Amino acid sequence: MNTHAQIRLAVGFGFALAIGLVVGFGGTNVRAQPGDVDWNGVVLSTHHVSGTVHYLEGRGGNIGLSIGDDGVVMIDDQFGPLADRIRETINRISNGNIRFLINTHVHGDHTGGNENFAAMGVPIVAQDRVRDRLAATQPAGALPVLTFSEDLTLNLNGDPAHVIPMPPGHTDGDSIIHFVESDVIHTGDMFRTVAFPVIDRNNGGTLAGTIEALGLLAGMAGPNTKILPGHGVVAGRADVIEFRDMVITVADRVEELVKQGRSYAEVVAANPTREYQDKWGDPERFLTAVFAELGGAG
Ligand SMILES: [Zn+2]
């Protein structure tokens, strides 16, 4: 650790202490993590979406919550150091009985609390491939106990939850969850409102799967369906279609450039994401993946 990191850590701890004195320490397993995250400083808030469905915003992916007489169906869990405070926040708006926790995909900002919630007795549900990939890096206690390769339905709170495996887009273990009565779809990270798509090729994500999955999502949604993205704010079908059209337009432009034998630097110079950057920000990670997927070299 260099001197600057030590100073940041010291400042961060002082800040955490100050917050702790004001609001009380929120849990016992908060510890320093790479990146010097001040976990006690992370603000957790819940928002009602529609019907039984709420979401919890904190740090990492949006946590979906179906809440009713049967208890809670939870989608994703952010990070381990937040688990106790996430649990307390869920308890405040429910009867506290978390019946199932679904992982939409493998990434640590969606599964980082798995071990903590499993230790609380919550069964974790995910695609077979999510368990396989988690098993490479996580202890047995963090792994999903109920896995699937085809659709399944959780029948709780009078609001059937269709858990649907998607084509390999963001990763090869993506699932979306459609709460039928509430008419809300939690998409995980195959759809986001705040950035260009992440195609995580190291975890089996593909461009073709991203386009196909967004088309399926748009086809599944009705005009009034609320779309709860992995990151960002509640959206609708038109937003999914706009996002998919953007991906197709950019992919078409990049494909044309790759056919002409252009290098990655030349593709960047041609700026194939020009009209989209105001809305979705820095395209670099997306462009790199699209270029590689379409056979670009150099
Ligand atoms: Zn992700």
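Up top is the structure these notes are about.
Note that the coordinates shown come from a computational prediction; the quantities given were computed from them, not determined experimentally.

Q: Would you explain the overall build of the chain in this entry?
A: Along its length, the chain carries 10 helices and 12 strands. For the chain, long-range pairs separated by at least 24 residues make up 60% of all intrachain contacts whose partners lie at least 6 apart in sequence.

Q: Looking at this structure, how should I read the packing of helix 7 (residues 237-259) against helix 10 (residues 284-293)?
A: For the pair helix 7 and helix 10, the least separation of the axes is 10 Å and the interaxial angle reads 55°. When the axis of helix 7 is compared with that of helix 10, the two are oblique. Considering how the two elements wind past one another, helix 7 and helix 10 form a crossing that is right-handed. Two secondary-structure elements touch here, helix 7 through M246, V247, V250, A251, V254 and V258 and helix 10 through F286, L287, V290 and F291. By residue class, the composition of the contact of helix 7 with helix 10 is 10 nonpolar, no polar and no charged.

Q: When you look at the coordination of the zinc ion in this model, what are you seeing that I'm missing?
A: Working reference: metal with six octahedral donors, ideal angles 90 or 180 degrees; metal with four tetrahedral donors, ideal angle 109.5 degrees. Protein coordination at the zinc ion: the donors are H105 (NE2), H107 (ND1), H170 (NE2) and D189 (OD), at 2.2 Å from the metal. Here the zinc ion is ringed by four donor atoms whose angles at the metal span 86 to 167°, and the overall shape comes out irregular. Expressed as a motif, the donor residue spacing for the zinc ion is H-x1-H-x62-H-x18-D. In this pair, H105 sits in the loop between strand 5 (98-102) and helix 3 (108-111) while D189 sits in the loop between strand 11 (184-186) and helix 6 (207-220), placing the two residues 84 residues apart along the sequence. Comparing H105 with D189, the two get one shared label, buried.

Q: When you look at the nonpolar core in this model, what are you seeing that I'm missing?
A: Across soluble globular proteins, nonpolar side chains have a tendency to be buried as a group. Of all hydrophobic cores here, the largest spans 34 residues; its most connected members are M190, F191, L217, I227, M246, V254 and F286. Within the second largest apolar cluster, 19 residues are counted, among which are W39, L44, L56 and L101.

Q: How should I be thinking about the packing of helix 6 against helix 7 in this particular structure?
A: Packed helix pairs are specified by the crossing angle of their axes together with the interaxial distance, meaning the distance between the axes. Look at helix 6 against helix 7: their axes get within 9 Å of each other, and the N-to-C directions meet at 155°. Judged by the inter-axis angle, helix 6 sits roughly antiparallel to helix 7. Handedness of the crossing formed by helix 6 with helix 7: left-handed. Here L207, I211, L214, G215, L217 and A218 of helix 6 lie close against helix 7, whose contacting residues are R237, V240, I241, F243, R244, V247, I248 and A251. Each residue belonging to the contact of helix 6 with helix 7 can be placed in one class, and the counts come to 11 nonpolar, one polar and two charged.

Q: I would appreciate a short explanation of unusual backbone geometry in the present structure.
A: As a rule of thumb, non-glycine residues mostly have phi less than zero, and peptide bonds are mostly trans rather than cis. The phi angle at Q78 is positive, at roughly 55°, despite the residue not being glycine. Summarising the element assignment, Q78 is placed in the loop between strand 4 (71-75) and helix 2 (83-92). A positive phi angle, close to 55°, is found at D183, a residue other than glycine. Topologically, D183 is positioned in the loop between strand 10 (175-179) and strand 11. Accessibility expressed as a relative area gives 24% for D183, which makes it partly exposed.

Q: Would you mind showing me how to read the packing of aromatic side chains here?
A: Given two aromatic rings, their pairing is described by the distance between the two centres and the angle made by the two planes. Taken as a whole and assessed by the stated rule, the structure comprises seven aromatic pairs. Ring centres of F243 and W280 lie 5.6 Å apart, and the angle between their planes is 70°; on these two criteria the pair is classed as edge-to-face. Taken as a pair, F243 in helix 7 and W280 in helix 9 (residues 277-280) lie far apart in primary sequence, 37 residues in all. Put simply, the rings of F191, F196, F243, Y276, W280 and F286 touch in pairs and so form one group of aromatic residues.

Q: Could you clarify how one ought to interpret the pattern of salt bridges in this entry?
A: Two side chains bearing opposite charge may form a pair once their charged atoms approach each other closely. A full pass over the atoms with the stated rule returns five salt bridges. Across the pair R253 and E275 runs a salt bridge, and its minimum N-O distance is 2.9 Å. Taken together, the positions of R253 in helix 7 and E275 in the loop between helix 8 (264-270) and helix 9 put the pair 22 residues apart, joining distant regions of the chain. On the basis of relative accessibility, which here comes to 23%, the residue R253 falls in the partly exposed class.

Q: I tried to follow helix 6 on my own but got confused; where do I start?
A: Residue pairs spaced three or four apart in an α-helix point in one direction, given the helix's 3.6 residues per turn. Across its 14 residues, helix 6 extends 20 Å between first and last C-alpha, which sits within 8% of the 20 Å expected from 1.5 Å per residue. Those residues of helix 6 not exposed but buried are L207, G209, T210, A213, L214, L217 and A218. Taken around the axis of helix 6, the buried residues stretch over an arc of 165°, which confines them to a single face. Along helix 6, exposed side chains directed more than 90 degrees from the buried face belong to A208 and G219. Buried residues belonging to helix 6 abut strand 10, strand 11, strand 12 (226-228), helix 7 and helix 10. For helix 6, the N-terminal cap is T206; the gap from its side-chain oxygen to the backbone nitrogen of G209 is 2.8 Å.

What counts and what doesn't
Residues numbered from 1 in each chain as written. Predicted model: local features only at pLDDT ≥ 70, side-chain atom pairs only at ≥ 80, totals over all residues. Heavy atoms only, no water. Helix = DSSP H or I, 4+ residues; strand = E, 2+ residues; numbered from the N terminus. Contact = heavy atoms within 4.5 Å. Axes fitted to C-alpha atoms, helices over the stretch in contact; angles between N-to-C directions. Parallel < 35°, antiparallel > 145°, perpendicular 65-115°, else oblique. Left-handed = near helix turned anticlockwise from the far one by under 90°. Nonpolar A, V, L, I, M, F, W, Y, C, P; charged D, E, K, R; others polar. Donors = N, O, S within 2.8 Å, 3.2 Å for Na, K, Ca; no water. Tetrahedral: all angles 85-135°; square planar, octahedral: opposite > 155°, others 65-115°. Buried < 20%, exposed > 50% of the residue type's maximum accessible area, 1.4 Å probe, protein only. Core = buried A, V, L, I, M, F, W, Y, C linked by side-chain atoms within 4.5 Å. Phe/Tyr/Trp six-rings, centres within 6.5 Å; stacked < 30°, edge-to-face > 60°. Salt bridge = Lys/Arg side-chain N within 4 Å of Asp/Glu carboxyl O. Expected span 1.5 Å × (residues − 1). Arc of directions from axis to C-beta. Polar contact = N/O pair within 3.5 Å; in protein donor to acceptor, adjacent residues only side chain to side chain.

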